[in-house]
Amino acid sequence: MPWENNGGGGGRNNGGPWGQAPGGGGGGPRRPGGGNTPNLEDILARGRDQFSGGLPGGRWALIGGVLALIAFWGLNSVYTIDPQEVGVELRLGSPKDELSMPGLHFLIWPMETVERAVTTVNQTQIGASDASGSARNNASGSNEGLMLSGDQNIVSVQFSVFWAIDDPVKYLFNVRDQESMVRFAAESAMREVVGRRPAQDIYSDDRSGVSAEVLAITQGILQSYDLGVNVSQVLIENAGPPAEVIDAFNEVQRARQDETRLQEEARSYANTLLGDARGRAAALREDAAAYTNRVVQEATGESQRFNAVYAEYVNSPEVTRKRLYLETMEQVLGGSEKVLIENGAEGNGVVPYLPLPELRSGNKTSPTTSTTTGN
C-alpha cells in the first residue's frame, strides 16, 4: 500500500497516506488521546499545494480559456453586411425596425442575431430549355412551360421573371421559400393570360402585351401574399409549339408565308394595272380638256372675226361683199389646175394651158385646156 514503509524491514508506517504522522516527525502536536487523525487545515493546505504542483501554469490556462470565450463572443457579435445585401437584426427572435446597411455592425450575441437579404435583381427562369432542366422535368413528370391557349393549342413558353426585394422584413419572415413562391405566381399568371389569348399572340403578334399582363398579375399575387418583392420585368424568351408537333407547325407557317407572298404579289399587280388605267384616264381627260379649249377658242375667234367683218359690211357693203367673194373664190380655186379668164380679156375663148406643176415634178402629161367663164 502507498502508506507502507518499504525501507525498514517491512514494518508499517503510522504516518498514514501522506507518509508521516500528522504531528510531523514524532515531535509535533497530537490530539488528545494519542490518535492518528490528521488536522483539517493541514489537509486543505496540502491539497492546494498538490493542486498547484500537479497543474503547471494552470492559472494561464484559465486565463486563456476566458480570452477564447471572449474572442468567440466578439466574433459572433461583430458582423459585416456586403454592398449587395441588407441586414435585419433580431432581438430574442423579434426583428428590429431599423435595417443594417452595408458596412461593419455590432450586436449582443446570443440575445441578438442577424439575417441577410440580397438586394440585387434576381432572375427566375420558367420553362428553361437547357439539357439539365429538360432532363429534370422529364424525370419528375413536370410540364413546366406547356400551356393551353385560348384557341385550344398547346404552347411551350420559356420566360424569365426579374424581381428584387422591396421589404426585407416581409421577405425574410412572412413566406418560406420565397423564390419558389415567385416562380409559382409567375407561372400561374402566364397560364391565365395564355388561356385567354390565341396562340399567335404568344408566338409573335402581341408578346409585349402578354408580358405586361403577366407582370401586373404576378405583382398583384405577390402583394396579396405580402412577400415584400417587386417584379420589374417579365421577358418571353421563346414561345412555340411542343417538339412533338413542331414539323406540322412549321408546315403551317410556310403555308401562311406563301399565302402572304401571293397576296402581296396580287396587290402589286393590281396596283400596277390601276396605276396604268389611272394614267390613261388622266391623259384622256387632258386631251378632252385641250380639245374643248381649242374648239372654244376657235369658235370665239370665228365669232369675233364675223363681228369684225359685219362691222365693215355695215360701213361699206359693196366693197365688203366683193372682198368676201374674192376670198371665197381664192379658197375654192386655190388648188385648181384651171385658169379663169374674164370676158373682157384678149383672146376670149378657150386658150391652151401649160401645166407647169406637172412639168416641175417631171411628169409628162398632155396639155389641158381651160374654158372661159364670164360673170
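Residues numbered from 1 in each chain as written. Predicted model: local features only at pLDDT ≥ 70, side-chain atom pairs only at ≥ 80, totals over all residues. Heavy atoms only, no water.

Explain the pairing of strand 1 (residues 78-81) to me, please; I cannot follow it from the model alone.
Regular strands place side chains that alternate from one sheet face to the opposite one. Because side chains alternate across strand 1, one face comprises the buried residues Tyr-79 and Ile-81, and the other comprises Val-78 and Thr-80, none of which is buried. Looking at chain direction, strand 1 and strand 4 (residues 103-106) are connected through 4 bridges and run antiparallel. Within strand 4, the position partnered with Ile-81 by the bridge is Gly-103. (Buried < 20%, exposed > 50% of the residue type's maximum accessible area, 1.4 Å probe, protein only. Helix = DSSP H or I, 4+ residues; strand = E, 2+ residues; numbered from the N terminus. Pairing = 2+ DSSP bridges.)

Quick question: what am I supposed to make of helix 5 (residues 178-196) here?
What sets the pattern is the α-helix's 3.6 residues per turn: residues three or four places apart point alike. The terminal C-alpha atoms of helix 5 lie 28 Å apart, and with 19 residues this matches the ideal 27 Å at 1.5 Å per residue to within 8%. Residues Gln-178, Val-182, Ala-185, Ala-186, Glu-187, Ala-189, Met-190, Val-193 and Val-194 constitute the buried set of helix 5. (Expected span 1.5 Å × (residues − 1).)

Where do I start with the nonpolar core in this structure?
Here is a general trend for soluble globular proteins: nonpolar side chains tend to be buried in one another's company. By size, the foremost hydrophobic cluster in this structure holds 32 residues, and its most contacted members are Val-157, Phe-159, Val-161, Trp-163 and Met-190. The set of elements that each furnish at least two residues to this core consists of strand 8 (154-165), helix 5, helix 6 (199-205), helix 7 (207-224) and strand 9 (229-240). Of all the elements, helix 5 adds the most residues to this core, at 7 residues. With residues up to four places along the chain from it excluded, the contact list for Val-157 reads Ile-126, Gly-127, Gly-145, Met-147, Met-190, Ile-202, Ile-236, Asn-238 and Ala-239. (Core = buried A, V, L, I, M, F, W, Y, C linked by side-chain atoms within 4.5 Å. Contact = heavy atoms within 4.5 Å.)

What is the right way to look at the pattern of salt bridges in this model?
Oppositely charged side chains are able to pair whenever their charged atoms sit close together. Throughout the structure, instances matching the rule amount to 15 salt bridges. Ionic pairing is found between Glu-192 and Arg-196, a salt bridge with its closest N-O pair at 3.0 Å. Remark: Arg-196 and Glu-192 occur in helix 5; sequence separation between them is 4 residues, near one turn of the helix. Owing to a relative accessible area of 48%, Arg-196 belongs among the partly exposed residues under this scheme. Glu-298 is paired through a salt bridge with Arg-294; the nearest N and O atoms lie 3.3 Å apart. In this pair, Glu-298 and Arg-294 both sit in helix 8 (residues 246-315), 4 residues apart, roughly one turn of the helix. We classify Glu-298 as partly exposed; its relative accessible area is 44%. In this structure Arg-294 comes out as partly exposed when scored by relative accessible area, which is 41%. (Salt bridge = Lys/Arg side-chain N within 4 Å of Asp/Glu carboxyl O.)

Quick question: what am I supposed to make of the packing of aromatic side chains here?
Two aromatic rings are characterised by how far apart their centres lie and by the angle between their planes. Here the structure, examined in full by the defined rule, presents 2 aromatic pairs. Measuring from centroid to centroid gives 6.2 Å for Trp-163 and Tyr-171, while their planes differ by 35 degrees, and the two rings are tilted. The pair Trp-163 / Tyr-171 is uniform in exposure class, with both members buried. A centroid spacing of 6.5 Å and a plane angle of 15 degrees characterise the contact between Phe-306 and Tyr-310, whose relative ring orientation is stacked. Of this pair, Phe-306 and Tyr-310 are both found in helix 8, 4 residues apart, which corresponds to roughly one turn of the helix. In this structure Phe-306 comes out as exposed when scored by relative accessible area, which is 56%. (Phe/Tyr/Trp six-rings, centres within 6.5 Å; stacked < 30°, edge-to-face > 60°.)

Looking at this structure, I do not really get the sheet that holds strand 3 (residues 94-100). What am I missing?
Where strands meet in a sheet, backbone hydrogen bonds hold them as pairs that are either parallel or antiparallel. If you trace the 3 strands from one edge of the open sheet to the other, you get 3-2-5, paired in antiparallel fashion. Strand pairing shows two members of the sheet lacking a second neighbour, strand 3 and strand 5 (112-118), which therefore form its edges. Going from strand to strand, the sheet's axes swing by 30 degrees on average, the running direction of each strand aside. Bridge analysis of strand 2 (residues 85-91) against strand 3 gives 4 bridges, and the strand direction is antiparallel. Looking at strand 3, one finds that Val-88 is bridged to Leu-99. (Axes fitted to C-alpha atoms, helices over the stretch in contact; angles between N-to-C directions.)

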